[in-house]
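Examining the three-dimensional arrangement
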Amino acid sequence: MNERIASRCICCDGDRLRKSPAILMPFVAKRVFDWEPVEITEAWGMKTLRLGMAYPLCNSLQCRDCGALFLDIRFSDAEMSRLYTGYRDAEYTALRERFEPGYAALNTALAERAAYLPEVEAMIAPHLSGPPHVLDWGGDTGLNTPFRGAAASLSVHDISGLSLVEGVAAVDREGLARSRFDLVVCSNVLEHVPAPADLLDDIAEAMSPETLLYLEVPHEAYMIQNAGVEDLAAGKKYWHEHVNFFTETSLRALIARQGLTLVHFEILKTEIYGRTGQLFCMLCRKA
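Residues numbered from 1 in each chain as written. Predicted model: local features only at pLDDT ≥ 70, side-chain atom pairs only at ≥ 80, totals over all residues. Heavy atoms only, no water.

As for the overall build of the chain
To be explicit about the condition: Helix and strand definitions here come from DSSP, where helices need a minimum of 4 consecutive H or I residues and strands a minimum of 2 consecutive E residues; each element is numbered from the N-terminal end. All radius of gyration figures rest on C-alpha atoms, and the globule criterion is 2.2 Å times the number of residues raised to 0.38. By definition in these notes, contact holds between two residues if any of their heavy atoms fall within 4.5 Å. His is not counted, nor are the chain ends; Lys and Arg add positive charge and Asp and Glu add negative charge. Every charge is mapped onto a representative atom, which is NZ of Lys, CZ of Arg, CG of Asp or CD of Glu.
Per the secondary structure count, the chain includes nine helices and 14 strands. A compact globule built from 287 residues would reach a C-alpha radius of gyration of about 19 Å, and the chain, at 20 Å, matches this within 12%. The principal-axis extent of the C-alpha atoms belonging to the chain is close to 70 × 40 × 35 Å. Across the chain, contacts joining residues at least 24 apart in sequence account for 68% of those joining residues at least 6 apart. Charge centroids of the chain, computed over 28 positive and 39 negative side chains, lie 5 Å from each other.

Some points on unusual backbone geometry
This is how the line gets drawn: The buried label applies to any residue whose accessible area, calculated with a 1.4 Å probe on protein chains only, is under 20% of its type's maximum; exposed applies above 50%, and partly exposed to all values in between.
Within the chain, D13 stands out as a residue other than glycine whose phi angle is a positive 70°. Mapping D13 onto the fold places it in the segment before strand 1 (17–24). The exposure class assigned to D13 is partly exposed, which follows from its relative accessible area of 32%. Positive phi values are uncommon outside glycine, yet D34 reaches one of about 60°.

Some thoughts on the sheet that holds strand 11 (residues 238–239)
Quick reminder of the rule: Two strands are said to pair when DSSP picks up at least two bridges between them.
An order of 11-1-4-5-12 is seen for the five strands of this open sheet, with the pairing classed as mixed. With partners counted over all chains shown, the strands left at the sheet margins are strand 11 and strand 12 (244–245), one partner each. Note: strand 1 against strand 11, two bridges, orientation parallel. Following the sheet pairing, L24 is matched in strand 11 by W239.

Here's the deal with the packing of aromatic side chains
Counted only if it meets this: Pairing of aromatic side chains here covers Phe, Tyr and the six-membered ring of Trp, requires ring centres within 6.5 Å, and sorts the geometry by plane angle: under 30 degrees stacked, over 60 edge-to-face, intermediate tilted.
Within this structure, the stated rule accounts for eight aromatic pairs. For the ring pair Y84 and Y87, a centre distance of 5.3 Å and an interplane angle of 65° mean the geometry is edge-to-face. Between the aromatic rings of Y87 and Y92, the centroid separation amounts to 5.2 Å while the plane-to-plane angle is 75°, which identifies the pairing as edge-to-face. Note on Y87: relative accessible area 11%, which makes it buried. Among the residues examined, Y92 registers a relative accessible area of 0% and is labelled buried. Grouping aromatic residues by their ring pairs yields a cluster made of F27, Y84, Y87, Y92 and Y103.

A word on the pattern of salt bridges
When the charged atoms of two side chains with opposite charge come close together, those side chains can pair. Put simply, the rule is: We define a salt bridge as a contact between a side-chain nitrogen of Lys or Arg and a carboxyl oxygen of Asp or Glu at a distance within 4 Å.
One pass over the full model with this rule turns up 14 salt bridges. Linking D13 and R257 is a salt bridge whose minimum nitrogen-to-oxygen distance equals 4.0 Å. Remark: R257 occurs in helix 9 (residues 248–257) and D13 occurs in the segment before strand 1; sequence separation between them is 244 residues. A relative accessible area of 39% means that R257 is categorised as partly exposed. The partner of K30 in a salt bridge is D34, and the shortest N-O contact between them spans 2.6 Å.

Remarks on the layout of surface pockets
Quick reminder of the rule: Grid points spaced at 1 Å and placed over the protein atoms alone form the basis of the search, with a cavity being a set where a 1.4 Å probe fits but cannot get out and a pocket an open set showing protein on both sides within 12 Å along at least five of seven lines. Lining residues have an atom within 4 Å of a point. Grid points are joined across faces, edges and corners, and a volume is the space filled by probe spheres set on the points.
Of the voids in this model, the second largest pocket is the one considered here, and its volume is about 250 Å³. Lining of the second largest pocket is provided by 14 residues; of these, N2, R8, C9, I10 and R257 occupy positions nearest its centre. With three residues, helix 7 (residues 196–205) is the single largest residue contributor to the lining of the second largest pocket.

Let's talk about the sheet that holds strand 8 (residues 169–170)
Which entries qualify depends on this criterion: Orientation is described by lines fitted to C-alpha atoms, with helices fitted over the stretch in contact, and by angles between N-to-C directions that extend from 0 to 180 degrees.
Spatially, the seven strands line up as an open sheet ordered 8-7-6-9-10-14-13, and their pairing is mixed. In this open sheet, the two edge strands, each paired with only one partner strand, are strand 8 and strand 13 (260–272). The pairing of strand 6 (residues 133–137) with strand 9 (residues 183–187) spans three bridges and is classified as parallel. Bridge assignment links V134 to a residue of strand 9, and that residue is L183. Sheet contacts for helix 9: strand 10 (212–219), strand 13 and strand 14 (275–286); angle to strand 13, the most-contacted strand, approximately 145°.

Remarks on a nonpolar patch on the surface
Basically, it comes down to this: Nonpolar side chains (Val, Leu, Ile, Met, Phe, Trp, Tyr) are joined into patches within 5 Å and like charges within 9 Å, using only residues with over 30% relative accessible area and no salt bridge. Each accessible area is a Shrake-Rupley result for a 1.4 Å probe, and residues are judged covered by the shown protein chains and nothing else.
Taken together, the side chains of V38, W44, M46 and L49 present a nonpolar region at the surface, about 350 Å² in accessible area. Its place among the elements puts L49 in the loop between strand 2 (38–40) and strand 3 (52–54).

Structure, rendered in structure tokens:
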């Protein structure tokens, strides 16, 4: 059973962790736990607490060995379902707009297919022998699944329950066991999940020795801006949907720990919906 409050690294499983206090952002706290921020006033009659706004407390943890930075709270399956079922639908968007004014406008921009995907396809294509049967694990609606229009088939395995774009089919756990895939895509998912190692184990069960796995996670701006800083936990004061911040070292450790062979590693510089950024891109196969 995975820990409720992490005491080991999510990537290398080391136990040498830095810890620093932080808060869980109000939207996530409300969506997952039904917790609201609260103001402690004189009417509370508290004798030892200072007056002011109170937010859910948590801790930032950083592995001293591989550099991974992550939230100590590890969400359960039920909590993940509450957070991501109906992801970015009207109810989700309205709640997030209440806590984060301006989010609705950003959500509209996210309805467009990401412009950097041709670069991803060019990275993957040399490792494929022909039009692939593609599985997008955590692929939401399939909007940003690579090789749309050029694949033999496109399938999505996702917990959001959203309607899929044309040409993409949903596949459940039972369907995964009956299917064969040339390419499995797990793009911008590992930063959201409580147990990245367990997720990679699940994905590996859907892979044959010939299957290519494409992993993509953001190189978070906080990590880029603080490159060379020894204690990253001390400066990470809040957590939102991205509960895991990776380094190249931590990703290589995670992949090796799960028995996968790294075929290609690249840091892709992108402009995503008007914002410049970087992505860690990895191609793997079963060892």
